[in-house]
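Next come the chains, spelled out residue by residue.
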Amino acid sequence: MTDAGIAKAVELLRAGELVALPTETVYGLGADALNPAAVARIFALKGRPTDHPLIIHLPPEARLDDWAAEVPPAARDLAAAFWPGPLTLILARGPRVPTAVTGGQDTMALRVPDHPLALALLRAFGSGIAAPSANRYGHISPTTAAHVQAEFGDAVPLILDGGPCRVGIESTIVDLSRGAPVVLRPGAITERDLRRVLGDTGERPADGAAPRAPGLVKRHYAPRTPAELVDSAALPARLAELTRGGRRVGLLVLGTAPPTHGIALPADPAAYGRGLYAALRELDRRGYAVLLIETPPGDAAWRAITDRLRRAVA
Ligand code: TXA
Ligand code: MG
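Residues numbered from 1 in each chain as written. Chains lettered and ligands numbered in written order. Predicted model: local features only at pLDDT ≥ 70, side-chain atom pairs only at ≥ 80, totals over all residues. Heavy atoms only, no water.

## Quick word on the overall build of the protein chain
As a reminder of what qualifies: Helix and strand definitions here come from DSSP, where helices need a minimum of 4 consecutive H or I residues and strands a minimum of 2 consecutive E residues; each element is numbered from the N-terminal end. The reference for a compact globule is 2.2 Å times residues^0.38; the radius of gyration itself is calculated from the C-alpha atoms. A simple rule labels every residue: compare its accessible area, found with a 1.4 Å probe on the protein chains alone, to the largest value its type can have, and call it buried under 20%, exposed over 50%, or partly exposed in between. In this analysis, two residues are considered to be in contact whenever any of their non-hydrogen atoms come within 4.5 Å of each other. Where accessible areas are quoted, they stem from the Shrake-Rupley method and a 1.4 Å probe; at the residue level, only the protein chains shown are allowed to cover. Only four residue types enter the charge count, namely Lys and Arg as positive and Asp and Glu as negative; His and the chain termini do not. For charged residues, the charge sits on one atom: NZ in Lys, CZ in Arg, CG in Asp, CD in Glu.
The secondary structure content of the protein chain amounts to nine helices and 14 strands. Since a compact globule built from 314 residues should have a radius of gyration of about 20 Å, the 20 Å found for the protein chain is in line with a globular shape. In terms of overall dimensions, the protein chain has C-alpha extents of about 60 × 45 × 30 Å along its principal axes. Counting only residues that meet the buried cut, the protein chain has 54% of its 314 residues in that class. Across the protein chain, the fraction of contacts at a sequence separation of at least 24, relative to all contacts at a separation of at least 6, is 68%. Split by element, the accessible area of the protein chain, about 13,100 Å² in all, is 54% carbon and sulfur. Measuring between centres, the 35 positive side-chain charges of the protein chain sit 4 Å from its 32 negative side-chain charges.

Shown next as structure tokens:
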């Protein structure tokens, strides 16, 4: 973490260029949130449809009222409880925020990331940085600087290297723009955590009145290798079946014993989440014909991981 790196990053952002930055969840591909031309570069480089809104990352000192048109008490409570941290709040877009960032919507996504390098950059920049995950559209989110390099090569002028991401999966997204809070994307901050702060106004099921979260497409976070989610009990039979057909099969299993062909991740949701995207990238790299992913336990602590795995195999 060098001051020179931060200064260079600020200079690039002010000039409307892109900078990749670490956060505690995944690496982001950042641009000045108030500069529509800079934001357009993000969409172009990722190959992302321009109606998929971006998250604006704020320094901890930022005032929500400077960004949002309306700040309900629940938003202040959640920000006080979880920022900096892996929680994104959807609020009504304030007049300064260009619609280029919000995919044309009148709502926007805000979060203060909990990573020392991201915080140093945001403080030095002194404004919002729009940043989606730093991967090509639909691909696996990056959790190391090397992953970002593998996605974009030299097309990103600067990648700040903050080491491997501590959380490893994307932030929890909560919509507060239409009354009762709704979880749009599960993450490390669980519904239980949210309810502890909000009381029983916590999550209600998403329904027709809930805003669409245009980035939440069915197939996402996906390896290039075809993959299947398989229950533990059914795994040996499915493996035998595919192998008999002459296919090279890569396994992603739970536990401490790596299989001959594949990877084991710890049977603990935090540790599993930290390792998941690197494991999927490594399995992709090994060139298997098919990946079999052991279904994680069904309890609430695994919800965010199950969500990502379902999308990865969709
Ligand atoms: O952990 C994270 O959230 C990472 C790091 C870099 O902060 N960022 C991230 O960004 O995952 P991205 O672009 O890959 O996902 C942003 C999600 C999308 O699913 C998008 O639909 C949703 O945020 N989103 C953004 N603005 C929204 C809005 N106004 N209404 C509904 N959903 C929104
Ligand atoms: Mg993404």
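Further notes follow.
## Some words on the domain arrangement of the protein chain
Inclusion rule: An automatic or database domain assignment supplies the residue ranges for each domain. Once two parts are joined, some of their accessible surface, as seen by a 1.4 Å probe, is lost; buried area is that loss totalled over both.
Annotation of the protein chain at the domain level lists domain 1 (3–198) and domain 2 (227–313). Measuring from the centre of the C-alpha atoms in domain 1 to the corresponding centre in domain 2 gives 29 Å. Listed per partner, the contact involves 20 residues of domain 1 and 13 residues of domain 2. Together domain 1 and domain 2 conceal approximately 1,300 Å² of surface at their shared face, both sides included; 53% is due to carbon and sulfur atoms.

## Things to note about the nonpolar core
Applicable threshold: Residue types Ala, Val, Leu, Ile, Met, Phe, Trp, Tyr and Cys, when buried and joined through side-chain atoms within 4.5 Å, form a set referred to as a nonpolar core.
Core analysis: the largest hydrophobic core is formed by 46 residues, its most contacted members being Leu78, Leu87, Leu89 and Leu110. The set of elements that each furnish at least two residues to this core consists of β2 (28–32), α2 (36–46), α3 (73–82), β5 (87–93), β6 (107–111), α5 (145–152) and α6 (191–198). Considering each element in turn, this core owes the most residues, five residues, to α2. Those residues in contact with Leu78 that sit more than four places away from it in its chain are Trp83, Leu87, Leu89, Val174, Leu176, Leu194, Val197 and Leu198. Counting residues in hydrophobic clusters, the runner-up holds 22 residues, among them Ile169, Ala227, Tyr272 and Trp302.

## Thoughts on the pattern of salt bridges
In plain terms, the rule: When a carboxyl oxygen of Asp or Glu lies within 4 Å of a side-chain nitrogen of Lys or Arg, that pair is called a salt bridge.
As enumerated under the stated definition, the model contains 19 salt bridges in all. Note that Asp65 is salt-bridged to Arg76, the shortest N-O span being 3.0 Å. Here Arg76 lies in helix α3 and Asp65 lies in the loop between β3 (55–57) and β4 (68–70), a separation of 11 residues in the sequence. Among the salt bridges present, the one from Asp307 reaches Arg308, with a minimum N-O distance of 2.9 Å. Here Asp307 and Arg308 have matching classes, each one buried. Each of Arg63, Asp65, Asp66 and Arg76 takes part in a single network of salt bridges with overlapping partners.

## Section: the packing of aromatic side chains
Quick reminder of the rule: Ring pairs shown here join Phe, Tyr and Trp side chains whose ring centres sit within 6.5 Å, with only the six-membered ring taken for Trp; geometry is labelled stacked below 30 degrees between planes, edge-to-face above 60, and tilted in between. Two conditions define a charge sitting above a ring: the NZ of Lys or the CZ of Arg must be within 6 Å of the ring centre, and it must be within 35 degrees of the ring normal.
Enumeration according to the criterion identifies two aromatic pairs in this entry. On the basis of an interplanar angle of 15 degrees and a centroid distance of 6.2 Å, the ring pair of Tyr221 and Tyr277 is categorised as stacked. In this pair, Tyr221 sits in the loop between α6 and β11 (227–230) while Tyr277 sits in helix α8 (residues 269–285), placing the two residues 56 residues apart along the sequence. Both residues of the pair, Tyr221 and Tyr277, count as buried. We note Arg96 situated over the ring of Trp67; from NZ or CZ to the ring centre the distance is 4.6 Å.

## Some points on the side chain of Glu170
Counted only if it meets this: Polar contact is defined as a pair of N or O atoms within 3.5 Å, subject to the rule that within protein one atom must be able to donate a hydrogen and the other to accept it, and that residues adjacent in sequence are counted only when both atoms are side-chain atoms.
The residue Glu170 is located in the loop between β8 (158–159) and β9 (172–175) in this model. A polar contact is formed between the side chain of Glu170 and the side chain of Ser141, at a distance of 2.5 Å. Here Arg308 takes part through its side chain, which lies 2.7 Å from a polar atom of the side chain of Glu170.

## Brief notes about unusual backbone geometry
Look at the link from Trp83 to Pro84: it is a cis peptide, with omega at -10 degrees. Looking at the element boundaries, Pro84 is found in the loop between α3 and β5.

## Notes on the sheet that holds strand β13 (residues 262–265)
Note on sheets: strands pair through backbone hydrogen bonds, and any given pair is parallel or antiparallel. Put simply, the rule is: Here the rule is simple: two strands pair whenever DSSP picks up at least two bridges between them. Every axis in this analysis is a line fitted to C-alpha atoms, fitted for helices over the stretch in contact. Angles between the N-to-C directions lie between 0 and 180 degrees.
Spatially, β11-β14-β12-β13 is the arrangement adopted by the four strands of the open sheet, whose pairing is parallel. Across the chains shown, the open sheet's two edge strands, defined by having one partner strand only, are β11 and β13. Within this sheet the neighbouring strands show an average axis-to-axis angle of 15 degrees, counted without direction. Pairing geometry for strand β12 (residues 249–254) and β13, over four bridges, is parallel. Bridge assignment links Leu251 to a residue of β13, and that residue is Gly262.

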